[in-house]
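Working through the structure, step by step
Chain residues, written in single-letter form:
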Amino acid sequence: MSRQLRASRFDPRAGFHAEGKDSGPSVPQGLLKAARSSGQLNLAGRNLGEVPQCVWRINVDIPEEANQNLSFSSTERWWDQTDLTKLIISSNKLQSLSDDLRLLPALTVLDIHDNQLTSLPSAIRELDNLQKLNVSHNKLKMLPEEITSLKNLKALHLQHNELTCLPEGFEQLSSLEDLDLSSNRLAAVPAGFALLSSLLRLNLSSNQLKSLPAEISRMKRLKHLDCDSNLLETVPPDVGSLESLELLYLRRNKLRVLPEFPSSRQLKELHLGENQIEMLGAEHLQHLQAILVLDLRGNKLRSVPEEMSLLQSLERLDLSNNNISSLPCSLGNLHLKFLALEGNPLRTIRREIIAKGTQEVLKYLRSKIKDDSGTSQNDSVPETAMTLPSESRVNVHAMVTLKLLDYSDKQATLIPDDIFDATRSNIITSVNFSKNQLCEIPKRNNFLSSLPEEMSSLTKLQTINLSFNRFKVLPPVLYHIPTLEAVLISNNQVGSVDPHKMKLMGNLSTLDLQNNDLLQIPPELGNCVQLRTLLLDGNPFRVPRATILMKGTAAVLEYLRDRIPA
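Residues numbered from 1 in each chain as written. Predicted model: local features only at pLDDT ≥ 70, side-chain atom pairs only at ≥ 80, totals over all residues. Heavy atoms only, no water.

1. Section: the side chain of His-157
Formally: Secondary structure follows DSSP: runs of H or I at least 4 residues long count as helices, runs of E at least 2 residues long count as strands, and numbering of each begins at the N terminus. Exposure classes here rest on a 1.4 Å probe applied to the protein chains alone. A residue is buried below 20% of its type maximum, exposed above 50%, and partly exposed in between. Two residues form a contact once any of their heavy atoms are found within 4.5 Å.
Of note, His-157 is situated in strand 5 (residues 155-157). Under the relative-accessibility criterion, His-157 is labelled buried at 4%. Sequence-distant contacts of His-157, that is, excluding residues within four places in its chain, are made with Lys-132, Leu-133, Asn-134, Val-135, Ser-136, Asp-178, Asp-180 and Glu-558.

2. Structural notes on the environment of Ser-122
Inspection of the secondary structure assignment puts Ser-122 in the loop between strand 3 (109-111) and strand 4 (132-134). Since its relative accessible area comes to 33%, Ser-122 is described here as partly exposed. Taking the C-alpha atoms as reference points, Ser-122 and Asp-99, separated by 23 residues in sequence, lie 7.2 Å from one another. Not counting the four nearest positions on each side in its chain, Ser-122 is found in contact with Asp-99 and Glu-146.

3. As for the environment of Gly-357
Topologically, Gly-357 is positioned in the loop between helix 6 (351-355) and helix 7 (358-372). Of the residues examined, Gly-357 reaches a relative accessible area of 17% and is grouped as buried. Taking the C-alpha atoms as reference, Gly-357 lies 8.5 Å from Ala-340; in sequence the two are 17 residues apart.

4. Things to note about the packing of aromatic side chains
Worth spelling out the cut-off: A pair of Phe, Tyr and Trp rings is counted when the ring centres sit within 6.5 Å of each other, with Trp represented by its six-membered ring. The angle between the planes then sorts it: under 30 degrees is stacked, over 60 is edge-to-face, the rest tilted.
This structure, assessed with the given rule, holds one aromatic pair. With 5.9 Å between their ring centres and 15° between their planes, Phe-170 and Phe-193 make a pair best called stacked. Separated by 23 residues along the polypeptide, Phe-170 in the loop between strand 5 and strand 6 (178-180) and Phe-193 in the loop between strand 6 and strand 7 (201-203) bring together distant segments of the chain. The class of Phe-193 is buried, set by a relative accessible area of 3%.

5. Thoughts on the pattern of salt bridges
Definition in use: What makes a salt bridge here is a side-chain nitrogen of Lys or Arg within 4 Å of a carboxyl oxygen of Asp or Glu, nothing more.
For the structure shown, the criterion picks out 13 salt bridges. A salt bridge links Glu-315 to Lys-337, with the shortest nitrogen-to-oxygen separation between them at 3.8 Å. You can see Glu-315 sitting in the loop between strand 11 (293-295) and strand 12 (316-318) and its partner Lys-337 sitting in the loop between strand 12 and strand 13 (338-340), a full 22 residues away along the chain. Note on Glu-315: relative accessible area 24%, which makes it partly exposed. Between Glu-485 and Lys-337 there is a salt bridge, and its shortest N-O distance comes to 1.6 Å. You can see Glu-485 sitting in the loop between strand 16 (463-465) and strand 17 (486-488) and its partner Lys-337 sitting in the loop between strand 12 and strand 13, a full 148 residues away along the chain.

6. Describing the sheet that holds strand 17
Filter applied, for reference: Any two strands between which DSSP finds at least two bridges are classified as paired. For helices, the axis comes from a line fit to the C-alpha atoms of the stretch in contact; other axes are also lines fit to C-alpha atoms, and the angle between any two N-to-C directions lies between 0 and 180 degrees.
Reading across from one edge, 16-17-18-19 is the order of the four strands in this open sheet, with parallel pairing throughout. Edge strands, defined here as strands with exactly one partner in the open sheet, are strand 16 and strand 19 (533-535). Adjacent strand axes in the sheet meet at a mean angle of 5°, parallel and antiparallel pairs treated alike. Relative to strand 19, strand 18 (residues 510-512) is paired through three bridges, and the arrangement is parallel. Within strand 19, the position partnered with Leu-511 by the bridge is Leu-534.

Written out as C-alpha cells, the structure is:
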C-alpha cells in the first residue's frame with residue numbers, strides 16, 4: 001500500500017503535503033531522512049516544548065528533498081521507505097502529546113520518559129503494534145482507559161509519576177511482561193492484576209500499598225516482584241506459591257512475620273531489610289534451596305536458626321543491625337562470599353574477628369564446631385624454646401636478611417593470621433604465596449596503587465579485596481581474570497571504570513566502589529547485567545540520585561541503561 005493511501009486511513013485531510021511548512025520547532029532534515037531509512041528517530045534532550053508536526057507526519061508527507069530533486073535512486077525512493085517503528089523524545093519539556101500520534105501506527109517503541117506530561121492522548125489506542133511504552137519521570141495523575149487497548153504491549157514503564165489508581169480493564173494488557181509502577185501514589189493493587197498472566201517483572205516499590213491481593217499467586221510466570229518502600233504489614237501466604245519467582249524485594253515496609261515459600265523453589269534473592277521481623281523459623285527457610293542472597297538487615301531478630309546452615313547455595317547473608325547475641329556454629333559450613341554482622345550485640349564472636357571479614361568469621365565458627373567435637377585444630381609444627389608459634393611456620397632468616405615472607409607450596413586455601421603476626425618486627429618487601437590454592441588475596445590495609453600483570457595467571461581467583469588503598473583506577477589486570485566474582489575496592493581514589501571491559505567479566509556478581517572519587521557513572525555500566533550487587537555510595541557523582549541508589553542494584557542498572565545514547 002502506498003504511503004499516501006496508508007495515511008488517508010488515519011487523516012482524511014492528508015494529501016501530499018511538503019515537509020518543513022509548519023511553524024513549530026524544526027528537526028534537522030538529515031535526521032528525518034535517516035529515520036525514513038532506519039525506521040528510528042531519536043529526539044532526546046533537544047529542549048522541545050512540543051513535538052514538531054513533521055515528526056507526526058513523517059509517514060504521510062512528501063520529503064522536502066523530493067521537491068528539489070525528482071530523480072531518485074533505488075535507495076532514495078521515499079514512497080518505498082520504512083515507516084517509523086521507534087520514536088524517542090525523552091528528556092524534553094513536553095507537557096502534552098497531540099492526537100496526531102495516531103499517524104504513527106507502525107510504532108513498536110515509544111519513549112517519552114523525563115518530560116512534564118500530565119496526560120496521554122486517547123489516540124494512543126491506535127498504536128496497535130506498540131510493544132514498549134516508557135512514560136516514566138513525568139507528572140501523570142491518571143492513565144486514559146484507551147491504554148488498555150494495546151494488546152501487543154510487552155513493556156510499560158510508568159515509574160516516577162503521580163498515579164493514584166489504574167484504569168478499569170488494565171488486566172486486558174494480556175501480553176504485558178514488564179510493568180514498572182514504582183514511585184507513584186498507589187494505595188491498592190487491583191485483584192484483576194492476577195489476569196496479567198504473561199507478566200515476568202512487576203515493580204510496585206515506593207508507593208503507599210498496605211496490602212497485596214491474594215490473587216497475585218496466579219501470576220505463574222512472575223520472576224521479579226519488587227514491593228520495597230511501601231506500608232505492608234503482612235504478605236499474603238499466596239506469595240509463597242509463585243513457582244517461577246526468582247527475586248523478591250520487600251525492604252522498608254512494616255512486616256513482622258514472613259510467609260513460607262513452599263512452591264518458590266526458584267527463589268534466588270529475598271530482600272527483607274528494614275522491617276520489624278522478630279522471628280525467623282525453620283519453616284521460613286526449608287524450601288529456599290536455590291537462595292543466593294538473603295537480606296535481613298535492620299530488623300528485630302534475636303536469633304538465627306540452625307536450619308540456616310541447610311541453605312548451601314547461599315552466597316550473601318546480611319544480618320546487620322538486629323538484636324542477635326549469638327550465631328549457630330553450623331553457619332561456618334556455608335559457602336558465603338559475604339556475611340554482614342555489624343550492629344548486633346554479639347557476645348560469642350570478638351569484634352576483631354568480625355572486622356577481618358567473612359572468611360575469618362566462617363573459619364572461627366568452623367573451629368568452634370571442631371572444639372565442640374573434641375578435635376584439635378592446631379596443625380602447626382611443634383614449638384621449641386627458640387621460636388615463636390608463628391615463626392615455626394615461616395623462614396625467619398629469609399624475613400630478616402632478604403625481607404621476604406615465604407609461605408609457598410603449602411596447598412593452603414588462606415593465609416593464617418599468625419603468619420602475618422610473625423612479620424611485625426621486620427620490614428617485608430617481597431611476598432611469596434605461590435603453589436597454594438588461594439581463592440582471594442588476604443585482607444590487609446595497604447598503600448597499593450597498582451597490581452602486577454602477572455596476577456592474570458591467578459586462574460582460580462574469585463574474590464579480591466583492595467579496600468583502603470590508593471588505587472585511582474580499577475587495576476587493568478582485573479579485567480583479565482575471568483573467574484572473579486567479587487571485586488571490593490571501596491575507600492580508594494578510583495575516578496573511573498571501563499564498563500565495556502567489565503561487561504566481559506561474566507562471573508562478576510559483586511562490585512564495591514563505595515567511597516571513591518567517581519564524578520560520573522557511565523550509562524553503559526547498566527549493561528553489566530551479571531552484577532547482583534553494585535555499591536556506589538560515598539562518591540561525588542550527582543546521578544544516579546540517592547533515591548535511585550536506595551532501590552538497589554537492579555534499579556540502578558536499569559536507570560543507567562535508560563540513559564545510554566541511542
